[in-house]
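Spelled out, the chains give:
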Amino acid sequence: MQKSASSGVSLLGPGGLDLTHSFFTSILNSAPPSPTKRHNKVTVVGAGNVGMAVAQTILTQDLVDELVLVDALPDKLRGEMLDLQHAAAFLPRTKIHASTEYSVTAGSDLCIVTAGARQVSGESRLNLVQRNVSLFRSIIPPLVQHSPACVILVVSNPVDVLTYVAWKLSGFPANRVFGSGTNLDSSRFRFLIADHLDVNAHDVQAYIVGEHGDSSVALWSSISVGGVPVLSFLEKQEIAYERVTLEKIHKAVIESADEVIRLKGYTSWAIGYSVANLARSILRDQRKVHPVSVLAKGFHGIHGGEVFLSLPSQLGRGGVIGVTNIHLTPKEAQHLRDSATAILEVQNQLPI
């Protein structure tokens, strides 16, 4: 069976004749499809565990018309593409492409970067970041070349530093480059709070901000359940709570990924759902608020440099619409500035 290179139409007839139109007859006085019809195209760079979890989740949630996979390993890449294509009867109609060449990504609305070098035993964090900077030099420029109007979403770790790197390499406005940041950390946070209070996690409003890592900040002052501010409610009702319990919950959030990696070898499904959640807000112009890694200079007293870290931000079709003016206590604001300093210490040593 042959396929037209331009349209993807199957050529089943003698000599490669296009029989597509033989199956259907146009109704009288019909007009061509509207030229304003939105066609969503998403590229996922990196066909590893995280990249494929992202791709699979985006597919099952019917977010795209066209999905492109890019990776440096051609055989694995083709295998992953075929595996998804063979599920076509069970999925929303989506064209799925895969290539080691970036030309296939042309016209993407959203480019999701999950590719990254893995840390080897005994390797410093700085050396790992430097290797990933080299990798990003081969990823970001061709994405920008073929999709100059796209939004770039960085998932690769360390996500805050690499989002900064992607922004610098892209030359894009800061609102069109952001990182997955603490979106998943905040989901873990909400789950743990909901578990402690025996409520649905959907009813918990809670954010982890700052670095996606050890210096992250739990915004306890703004946590609410069903619209009720938790800590102020406990204080007004004179209900005792222990600060150490809160610290244990935050510590559990920080250690969650390490526990999953220790048990199954890698994380994939939770980050897949998290990124698909962000993709939905972008592609559907949902204008939802997510804690994602954005250019934080000028917010909450952060003035030391162009640092990316997570803040509750509104996302829409054009990327980051704005950062929520969330109230922080003086202690939370200082912890956030400390988190920015920790990121900048690594960032300032990069050759970019």
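Residues numbered from 1 in each chain as written. Predicted model: local features only at pLDDT ≥ 70, side-chain atom pairs only at ≥ 80, totals over all residues. Heavy atoms only, no water.

1. Points about the packing of aromatic side chains
In step 1: In the structure shown here, the tally under the stated rule is three aromatic pairs.
In step 2: An angle of 55° between the planes, with centres 5.5 Å apart, marks the rings of W167 and F308 as tilted. On the criterion of sequence distance, the pair formed by W167 in helix α5 (residues 159–170) and F308 in strand β15 (residues 308–316) is long-range, its members being 141 residues apart.
In step 3: A connected cluster of aromatic rings, assembled from ring pairs, spans Y164, W167 and F308.
In step 4: Between the NZ or CZ atom of R176 and the centre of the ring of F172, over which it lies, the distance is 3.9 Å. (Phe/Tyr/Trp six-rings, centres within 6.5 Å; stacked < 30°, edge-to-face > 60°. Helix = DSSP H or I, 4+ residues; strand = E, 2+ residues; numbered from the N terminus. Lys NZ or Arg CZ within 6 Å of the ring centre and 35° of its normal.)

2. Overview of the pairing of strand β5 (residues 95–99)
In step 1: Strand direction decides the pairing type here: strand β4 (residues 66–70) and β5, joined by five bridges, are parallel. Within the sheet, the bridge partner assigned to V68 lies in β5 and is H97. (Pairing = 2+ DSSP bridges.)

3. Here's the deal with the UniProt feature "binding site: NAD(+)" (unreviewed entry) in the protein chain
In step 1: Residues annotated by UniProt as "binding site: NAD(+)" (unreviewed entry) correspond here to G46, A47, G48, N49, V50, G51, D71, N132, V155, S156 and N157. Set against the largest pocket, the annotated residues that line it come down to G46, A47, G48, N49, V50, G51, D71, N132, V155, S156 and N157.
In step 2: Along the chain, A47 turns up in the loop between β3 (41–45) and α1 (49–60).
In step 3: By secondary structure assignment, the location of N157 is in the loop between β7 (151–154) and α5.
In step 4: The residues touching N157, leaving out its near neighbours within four places in the chain, are N132, L162 and H212. (UniProt positions renumbered as here; feature names shortened; annotations may be inferred. 1 Å grid on protein atoms, 1.4 Å probe; cavity = no way out; pocket = protein on both sides within 12 Å on 5 of 7 lines; lining within 4 Å. Contact = heavy atoms within 4.5 Å.)

4. Considerations on helix α2 (residues 74–85)
In step 1: In a regular helix each residue adds 1.5 Å, so twelve residues correspond to 16 Å; α2 covers 16 Å between its end C-alpha atoms and thus fits that length.
In step 2: Within the sequence span of α2, burial applies to L77, M81 and L84. Angular distribution of buried residues about the axis of α2 spans 65°; they occupy a single face of the element. Turned more than 90 degrees away from the buried face of α2, the exposed residues are D75, R78 and D83.
In step 3: Taken together, the buried residues of α2 touch α1, β4 and β5. (Expected span 1.5 Å × (residues − 1). Buried < 20%, exposed > 50% of the residue type's maximum accessible area, 1.4 Å probe, protein only. Arc of directions from axis to C-beta.)

5. As for the packing of helix α6 (residues 183–197) against helix α8 (residues 243–264)
In step 1: In the contact formed by α6 and α8, the axes pass within 9 Å of each other and the chain directions differ by 130°. The pairing of α6 with α8 is recorded here as oblique in orientation. Note that α6 runs across α8; the crossing there is right-handed. Here D185, R188, F189, L192 and H196 of α6 lie close against α8, whose contacting residues are I249, A252, V253, S256 and A257.
In step 2: Residue classes in the contact of α6 with α8 are distributed as six nonpolar, two polar and two charged. (Axes fitted to C-alpha atoms, helices over the stretch in contact; angles between N-to-C directions. Parallel < 35°, antiparallel > 145°, perpendicular 65-115°, else oblique. Left-handed = near helix turned anticlockwise from the far one by under 90°. Nonpolar A, V, L, I, M, F, W, Y, C, P; charged D, E, K, R; others polar.)

6. Focus: the sheet that holds strand β13 (residues 228–229)
In step 1: What the three strands build is an open sheet, ordered β9-β12-β13; its pairing is antiparallel. The two strands at the open ends of the sheet, each matched to only one other strand, are β9 (204–205) and β13.
In step 2: Strand direction decides the pairing type here: strand β12 (residues 224–225) and β13, joined by two bridges, are antiparallel. Across the sheet, the residue bridging to V225 is V228, located in β13.

7. Comments concerning unusual backbone geometry
In step 1: N157 connects to P158 through a cis peptide bond whose omega is -5°.
In step 2: Looking at the secondary structure, you find P158 in the loop between β7 and α5.
In step 3: You will see that D198, though not glycine, has its phi angle at about 55°, which is positive.
In step 4: Looking at where D198 falls in the secondary structure, it is placed in the loop between α6 and β9.
In step 5: Here the phi dihedral of R287 falls at roughly 60°; this positive angle occurs in a residue that is not glycine.
In step 6: Among the secondary structure elements, R287 is positioned in the loop between α9 (269–283) and β14 (288–295).
In step 7: On the basis of relative accessible area, R287 is assigned to the partly exposed category, the value being 46%.

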